[in-house]
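For reference, the chains in residue letters:
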Amino acid sequence: MSPLDAKSPPAARAALREAAGLEARGLSTPPVLRGQDGEGSVQVHQDNSMKIEGAKVFAVYGKGGIGKSTTSSNLSAAFSMLGKRVLQIGCDPKHDSTFTLTGKLQPTVIDILKEVDFHAEELRPEDFMADGFNGVKCIEAGGPPAGTGCGGYVVGQTVKLLKQHHLLEDTDVVLFDVLGDVVCGGFAAPLQHADRAVIVTANDFDSIYAMNRIIAAVQAKSANYKVRLAGCVANRSKDTDEVDRYCNEIGFKRIAHMPDYDAIRRSRLKKKTLFEMPDEEDIVMARKEYIRLAETLFNSTESMAPQPLEDRDIFELLGFD
């Protein structure tokens, strides 16, 4: 344990900072949306000063282990190949979102802030942001220790740091790579910043079941924020029949298909994006699909409002005897 923790635990320091921030805004308690982010929810509303303006913001979600980081990194690389200035933010304590872009694991924002006792003014951009493939800016927000804290706080602190250093002013695309399924408001925090949510799925029941929950979370957030659903990416799947059947049932759309290419697995092992790999047939085809997806997302103004299924209904649609 750090000596700082014994002197003043992180939770205590966070409480002091929050109190100071509320006082500066003339508030006694945080503004709260009761029930407006979904039935029974109690969510702290985003401070207007933390809005990301100027850039198009995408949040990538999906079942744990489905390939969100691989999709996010290759999508960021594709945006950069289109001439866009890209910032990718990994939102996972494992801080492995950007290592194929940079070639190594990056330290997390939370760990770096902890080193300076959360005095963000002591940090320089190069302390918490790294340059990746083709100029993609890479940040690992990290997360609280297991069983403690909230991922939403981590996302908020990262965006605050970016705003303080004016790092969002020269950015065309911000991409949040978010861990696992949506199970609480903390994991859903990037949706407060995003224009569009992209869901990565496979052609199987568990992945589609997770996608159904994520759709419900995005729809709840869309009541108060600008975020809308862009569509889903079928990943690691030879076929897309189950994904397409689900999408047709609820009014959703598959916007890309990434087959189970071994080249993608090998790119992770080599700590590279597909755009740095040899020009093998599978790799070239995968690159084209990522470029097409990047163009679709950047140019599209279409948004969808699918109606997620109840648990019983999704079991009846896709379940097995």
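Residues numbered from 1 in each chain as written. Predicted model: local features only at pLDDT ≥ 70, side-chain atom pairs only at ≥ 80, totals over all residues. Heavy atoms only, no water.

Our working definition: UniProt positions are given in the numbering used here, feature names are shortened, and annotations may be inferred rather than shown by experiment.
With an unreviewed UniProt entry as reference, the protein is termed Light-independent protochlorophyllide reductase iron-sulfur ATP-binding protein, source organism Marivita lacus. Entered under Subunit (unreviewed entry) in the UniProt record, the comment concerning the protein runs "Homodimer. Protochlorophyllide reductase is composed of three subunits; BchL, BchN and BchB." Recorded in UniProt for the protein, the comment headed Pathway (unreviewed entry) runs: "Porphyrin-containing compound metabolism; bacteriochlorophyll biosynthesis (light-independent)."

**Focus on the overall build of the protein**
We count it as follows: In this text, helices come from DSSP runs of H or I with a minimum length of four residues, and strands from runs of E with a minimum of two, each type numbered from the N-terminal end. Relative accessible area decides the class of each residue, using a 1.4 Å probe on protein chains only: under 20% of the type maximum gives buried, over 50% gives exposed, and in between gives partly exposed. Should any heavy atoms of two residues lie within 4.5 Å, those residues are considered in contact. All accessibility values rest on the Shrake-Rupley procedure with a 1.4 Å probe; residue burial counts only the protein chains present in the view.
Scanning the protein from N- to C-terminus turns up 12 helices and 10 strands. By the burial criterion, 51% of the 321 residues in the protein qualify as buried. Of all intrachain contacts in the protein linking residues separated by at least 6 positions in sequence, the fraction that spans at least 24 positions is 73%. Just so you have it, the protein exposes about 15,200 Å², and 50% of that area is on carbon and sulfur atoms.

**As for the environment of Asn248**
Relative to the elements of secondary structure, Asn248 occurs in helix α9 (residues 241–250). Owing to a relative accessible area of 67%, Asn248 belongs among the exposed residues under this scheme. C-alpha separation for the pair Asn248 and Pro306, spaced 58 residues apart in sequence, amounts to 9.7 Å.

**What to know about the sheet that holds strand β3 (residues 56–62)**
Where strands meet in a sheet, backbone hydrogen bonds hold them as pairs that are either parallel or antiparallel. Note the threshold: Pairing between strands is defined by DSSP: at least two bridges between the two strands are required. Axis definition: a line fitted to C-alpha atoms, limited for helices to the stretch in contact. Angles are taken between N-to-C directions and run from 0 to 180 degrees.
What the 8 strands build is an open sheet, ordered β5-β6-β4-β7-β3-β8-β9-β10; its pairing is mixed. Because the sheet does not close on itself, it has two edges, and the strands there are β5 (130–131) and β10 (254–258). As judged from the 4 bridges shared by strand β9 (residues 228–235) and β10, these two strands associate in the parallel manner. In the strand pairing of β10, Cys232 is matched with Arg254. Its contacts with the sheet place helix α8 (residues 205–221) against β3, β8 (196–201) and β9, and it is angled at close to 170° to β8. Docked against the sheet, helix α11 (residues 281–299) engages β3, β7 (173–178), β8, β9 and β10, running at close to 165° with respect to β10.

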